[in-house]
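# Summary of structural features
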Amino acid sequence: LLHYAKIKLHDTNDPVSNLIVRNTLYQNIILGDPATRIPLPRIPELAVTEDGIGTEPEILVEGSQSTLRTEIHNYGFCLEDTIQAELSIRHLGQEITKQQQQVLPFGESIYLDWALPLVDVIGDIEITLSIDIEQRVVERSEDNNTVTVNRNVLPRGIMPLFPRNY
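Residues numbered from 1 in each chain as written. Predicted model: local features only at pLDDT ≥ 70, side-chain atom pairs only at ≥ 80, totals over all residues. Heavy atoms only, no water.

## Concerning the pattern of salt bridges
- For the structure on display, the rule yields 6 salt bridges.
- Lys98 is the salt-bridge partner of Glu95, the closest N and O atoms lying 4.0 Å from each other.
- Assessed through its relative accessible area of 41%, Glu95 is described here as partly exposed.
- In this structure Lys98 comes out as partly exposed when scored by relative accessible area, which is 48%.
- Among the ionic contacts, a cluster of salt bridges with common partners joins Asp81, Glu134 and Arg136. (Salt bridge = Lys/Arg side-chain N within 4 Å of Asp/Glu carboxyl O. Buried < 20%, exposed > 50% of the residue type's maximum accessible area, 1.4 Å probe, protein only.)

Here it is, written out as structure tokens:
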């Protein structure tokens, strides 16, 4: 059809027919082949990654006020209902806190802030974030709904040294 339109464009001296053929030719170039199918997401695809978990301040000190900021991604279709997110913190093999938050429907990504209780906690902690813990959202892969990161908590008397701008 495209080849025929190009030939007709060169063979036609009629200005109206020439304009119709030219517009058809340009429309196919701009829009592309109508037989081409673009794969659009049809279901949500939730994910959490290690890069999506950060602390404020970056260096944790026992007894200090700290916040954990997490990012949840949705690489698929927008959610229709709320989901449950769960944060678990373990220290020396024991769970010191478990928190849950209701997550409203969102498009591409959403940030959740969590309070970090660091009282009488010194050393390595294991932070686990899980989303869709009730398995209410049908996804292609459920493997990326949980992530675990390790952080270190300094004792109370030690102050971290930060680089100073000269």
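So much for the structure itself; the text now carries on.
## Overview of the packing of aromatic side chains
- Under the definition given, this model contains 0 aromatic pairs.
- One cation-aromatic arrangement involves Arg69 over Tyr111; the distance from NZ or CZ to the ring centre is 4.7 Å. (Phe/Tyr/Trp six-rings, centres within 6.5 Å; stacked < 30°, edge-to-face > 60°. Lys NZ or Arg CZ within 6 Å of the ring centre and 35° of its normal.)

## Describing the confidence of the model for the chain
- Per-residue confidence for the chain gives a mean pLDDT of 81; residues scoring 70 or more make up 71%.
- Within the chain, strand β8 (residues 123-131) carries the highest mean pLDDT (95), whereas helix α1 (residues 2-11) carries the lowest (53). (pLDDT = per-residue confidence, 0-100. Helix = DSSP H or I, 4+ residues; strand = E, 2+ residues; numbered from the N terminus.)

## Considerations on the nonpolar core
- Of all hydrophobic cores here, the largest spans 26 residues; its most connected members are Ile72 and Ile125.
- For this core, the elements supplying multiple residues, two or more each, are β4 (66-74), β5 (83-91), β7 (109-116), β8 and β9 (146-154).
- In contact with Ile72, not counting residues within four places along its chain, are Ala47, Val48, Ala85, Val103, Phe106, Glu108, Ser109, Ile110, Leu112 and Ile131. (Core = buried A, V, L, I, M, F, W, Y, C linked by side-chain atoms within 4.5 Å. Contact = heavy atoms within 4.5 Å.)

## A word on the pairing of β8
- With 7 of its 9 residues buried, β8 lies for the most part within the structure.
- As defined by bridge partners, β5 adjoins β8 across 7 bridges and the pair is classed as antiparallel. Note on β8: the bridge partner recorded for Ser88 is Thr128.
- In this sheet, β9 lies alongside β8 in antiparallel orientation, the contact comprising 8 bridges. Across the sheet, Glu126 pairs through a bridge with Asn150, a residue of β9. (Pairing = 2+ DSSP bridges.)

## Observations regarding the sheet that holds β9
- Sheet architecture is open: 5 strands sit in the order β3-β9-β8-β5-β6, paired in mixed fashion. The open sheet has two free edges, formed respectively by β3 (60-61) and β6 (94-103), since each of these has just one partner strand.

## Quick notes on the environment of Ala115
- Among the structural elements, Ala115 can be located in strand β7.
- Exposure remark for Ala115: the relative accessible area of 53% places this residue in the exposed category.
- Sequence separation of Ala115 and Thr67 is 48 residues, and the distance between their C-alpha atoms is 4.9 Å.
- The contact partners of Ala115, leaving out residues within four places of it in the chain, are Ser66 and Gln99.

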